[in-house]
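# Structural description and commentary
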Amino acid sequence: METRVAGVPEDEESGLLPRPSAAGRRPSSRGPRLPHPPATWATVDGPLGLPLEDAEGHARRFFLWGFACLPFLWAINCCYFWPVLRSSAASSPSAFAPIRPYVVRSAIGFTIFSVVLITWATTFIVGGEQLFGPVWNDLVMYNVADKLGITGFMG
């Protein structure tokens, strides 16, 4: 028959819980603890975001769908995977390697799209009829209803 020590829980007595050492700390079977490396997250929402295994598929889909006349998906790709885009290729973790090409190409694609869009809009806003002459009436969209004769119902 076993004797119980007064004030000691049964689990600790049976060895299920480690016993405190003389200094009041639990003994460690390992040596001194090394600091954990900082967590690496591929998305801006950190631990709430995608796991690294799923991130490559999402980055690839955003990149490819950007070619389907949805270039703002490239901007979303750049914003969502900002930690990947921000870190340099040499210093980025190896987990970013499969994601990085899609995000960098999305950034390049969105930059080119933005330059073309801003150039096009500026040309029409600044130039207008003075720049294009009589062709201006064929280029502008606000007179399409007049050309098609569908303004009669407006009164």
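A quick note: this is a predicted structure, and the numbers were derived from the prediction, not measured. (Residues numbered from 1 in each chain as written. Predicted model: local features only at pLDDT ≥ 70, side-chain atom pairs only at ≥ 80, totals over all residues. Heavy atoms only, no water.)

### Let's talk about the overall build of the chain
What counts, and what does not: Think of it this way: any DSSP run of H or I at least four residues long counts as a helix, any run of E at least two long counts as a strand, and we number them from the N terminus. Here's how the labels work: a residue is buried when its accessible area is under 20% of the maximum for its type, exposed when over 50%, partly exposed in between, all with a 1.4 Å probe on protein chains only. We call two residues contacting when some pair of their heavy atoms lies within 4.5 Å.
Counting its regular elements, the chain contains seven helices and zero strands. Sequence-ordered secondary structure for the chain, helices as α and strands as β, is α-α-α-α-α-α-α. Within the chain, the proportion of its 155 residues that are buried is 23%. The contacts in the chain between residues at least 6 apart in sequence include a share of 45% that link residues at least 24 apart.

### Quick notes on the UniProt feature "transmembrane region" (unreviewed entry) in the chain
Operational definition: UniProt positions are given in the numbering used here, feature names are shortened, and annotations may be inferred rather than shown by experiment.
Under the UniProt annotation, the feature "transmembrane region" (unreviewed entry) is placed at residues 62-82 and 102-126. Structurally, residues 62-82 is divided into 71% helix and 0% strand, and its ends, taken at the C-alpha atoms, are 14 Å apart. For residues 102-126, helix accounts for 100% and strand for 0%, while the C-alpha atoms at its two ends are 35 Å apart.

### So, helix α5 (residues 100-132)
Formally: The quantity called bend is, for any residue, the angle between two axes fitted respectively to the seven residues ending at it and the seven beginning at it.
Residue Val126 marks the point of greatest curvature in α5, where the axis turns by about 65°. The complete set of buried residues in α5 reads Arg100, Tyr102, Val103, Ser106, Ala107, Gly109, Ser114, Gly127 and Gly128. One or two residues past the end of α5 sits Gly133, with phi positive at roughly 70°.

### Thoughts on the confidence of the model for the chain
As a reminder, the rule being used: Residue-level confidence of the predictor, termed pLDDT, takes values from 0 up to 100.
For the chain, per-residue confidence averages 76 on the pLDDT scale, and 68% of positions sit at 70 or higher. Ranking the elements of the chain by mean pLDDT puts helix α1 (residues 10-14) last, at 52, and helix α3 (residues 72-80) first, at 92.

### What about the nonpolar core?
To be explicit about the condition: Among buried residues, those of type Ala, Val, Leu, Ile, Met, Phe, Trp, Tyr and Cys that are joined through side-chain atoms within 4.5 Å constitute a nonpolar core.
Residues Ala42, Leu50, Ala55, Ala59, Phe63, Trp74, Phe81, Val84, Phe96, Ile99, Tyr102 and Val103 constitute the largest nonpolar core, which totals twelve residues. Within the residue set of this core, elements represented by two or more residues are α2 (52-66) and α5. Per element, the largest residue contribution to this core is three residues, and it comes from α2. Other than its neighbours up to four places away in sequence, Phe63 contacts Trp74, Asn77, Tyr102, Arg105 and Ser106.

### A short note on the packing of α3 against α5
Our working definition: Interaxial angle, 0 to 180 degrees, is taken between N-to-C directions of lines fitted to C-alpha atoms, where a helix line uses only the stretch in contact. For classification purposes, an angle smaller than 35 degrees is called roughly parallel, one larger than 145 roughly antiparallel, one from 65 to 115 roughly perpendicular, and anything else oblique. Left-handed is the label given to a crossing in which the near helix is rotated counterclockwise from the far helix by less than a right angle, and right-handed is the label when the rotation is clockwise.
Interhelical geometry of α3 versus α5 gives an angle of 135° and a closest axis separation of 8 Å. Classed by the angle they form, the pair α3 and α5 counts as oblique. Here α3 runs over α5; the crossing is left-handed. Of α5, the residues touching α3 (which contributes Phe72, Trp74, Ala75, Asn77 and Cys78) are Tyr102, Val103, Ser106, Ala107, Gly109, Phe110 and Phe113.

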